[in-house]
Amino acid sequence: MTDAWNGRDFVHWIEQVGAAMEAAKAELNALDSALGDGDHGEALSAAFVDAAQKAAALADPTPTTVLQASAQSLFNRMGGASGALYGTFFLRMSAALKTRDEIALADWHEALTAGLAGVQARGGAAPGDKTMVDALAPAVAALGSAQTLTEGLAAAASAAQAGAEATTGMVAKFGRAKFAGERAIGHVDAGARSIAILFRVLDEFWEGQHGEG
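All chains use their own residue numbering, which begins from 1 and follows the written sequence. The predicted nature of this model means local features are confined to residues of pLDDT at least 70 and side-chain atom pairs, given and counted, to a pLDDT of 80 or more, with totals for whole chains, interfaces and linings taken over all residues. Water and hydrogen atoms play no part in the side-chain values, which are based on all heavy atoms of the structure.

Novice: Help me get a handle on the nonpolar core, residues and values and all.
Specialist: Grouping buried Ala, Val, Leu, Ile, Met, Phe, Trp, Tyr and Cys residues that are joined through side-chain atoms within 4.5 Å yields what is termed a nonpolar core. Remark: exposure states derive from per-residue accessible area (1.4 Å probe, protein chains only) relative to the maximum for the residue type, with buried under 20%, exposed over 50%, and partly exposed in between. Counting 61 residues, the largest nonpolar core has Trp5, Trp13, Phe48, Tyr86, Phe90, Trp108 and Phe199 as the members making the most contacts within it. For this core, the elements supplying multiple residues, two or more each, are helix 1 (7-23), helix 3 (40-56), helix 4 (63-78), helix 5 (80-97), helix 6 (105-123), helix 7 (133-144), helix 8 (149-166) and helix 9 (190-210). Contact between two residues is taken to exist if any of their heavy atoms lie within 4.5 Å; hydrogens are not considered. When near neighbours in sequence (up to four residues on either side) are disregarded, Phe199 contacts Leu112, Leu136, Ala139, Ala156, Ala157 and Ala160. Only DSSP runs of H or I with at least four residues qualify as helices, and only runs of E with at least two residues qualify as strands; both kinds are numbered from the N terminus onward.

Novice: Quick one: what's the story with the side chain of Asn29, residue by residue and with numbers?
Specialist: If you trace the backbone, Asn29 turns up in helix 2 (residues 25-35). With residues near it in sequence (within four places) discarded, Asn29 still touches Gly38, Asp39, His40, Gly41 and Glu42.

Novice: Any chance you could break down the confidence of the model for the protein chain for me, citing the residues and the numbers?
Specialist: Taken over all residues, the pLDDT of the protein chain has a mean of 91, while the share at 70 or more is 92%. For every residue, the predictor states its confidence as a pLDDT score lying anywhere from 0 to 100. Least confident of the elements in the protein chain is helix 2, whose mean pLDDT is 86; most confident is helix 7, at 98.

Novice: A description of the environment of Asp189 should follow, citing residues and the corresponding values.
Specialist: Relative to the elements of secondary structure, Asp189 occurs in the loop between helix 8 and helix 9. Along the primary structure Asp189 and Ser82 are separated by 107 residues, whereas in three dimensions their C-alpha atoms are 12 Å apart. Discounting chain neighbours no more than four positions away, the residues touching Asp189 are Lys130, Thr131, Met132 and Thr167. Between N or O atoms, a polar contact is any pair within 3.5 Å; within protein, one atom must be a potential hydrogen donor and the other a potential acceptor, and residues adjacent in sequence are included only when both atoms are from side chains. At 3.1 Å, the side chain of Asp189 forms a polar contact with the backbone nitrogen of Gly191.

What follows is the structure, given as structure tokens:
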């Protein structure tokens, strides 16, 4: 098996993300309730379940078409600031990959870098602002330092998890959470946590498909 993803891999990944977000819905809602609207898990789960259905319905899926379908679901079904940021992330990834059918390590890094840039351009957040960027930026950096895709996805998942946990000690500078001031300290950012889940599933799916061989 090659160290690269095809369109069907992207379909199955999005399906597994949908299942993982559904399983984490209550946790994400609880995190969001502390500082935001309390619906991050509900909205993200609904969007990814819809994305999985759209991706599965594609007759001849490519990485780009799967990511485009997912972006549409995130924009339309999630809504709000988080939907715009997640939708932009997937849309920028799809644009970076264009017509490529096999997505190897360098392609993944290019796509995720473009997605991160889109999120930061749209939302304005930087690492340390207690947002999804705190999990996303270190994940992208970790992937870029890897020698193989399997190694990179594992490193990205670990970095995203550590980045999400680090938001516990931060004061929020964006969204409704910024009004909490010092009260935000002690809470993991819901957006960072959902990004960590996204990368965990990315790693687990590929490890299941590819292993070390």
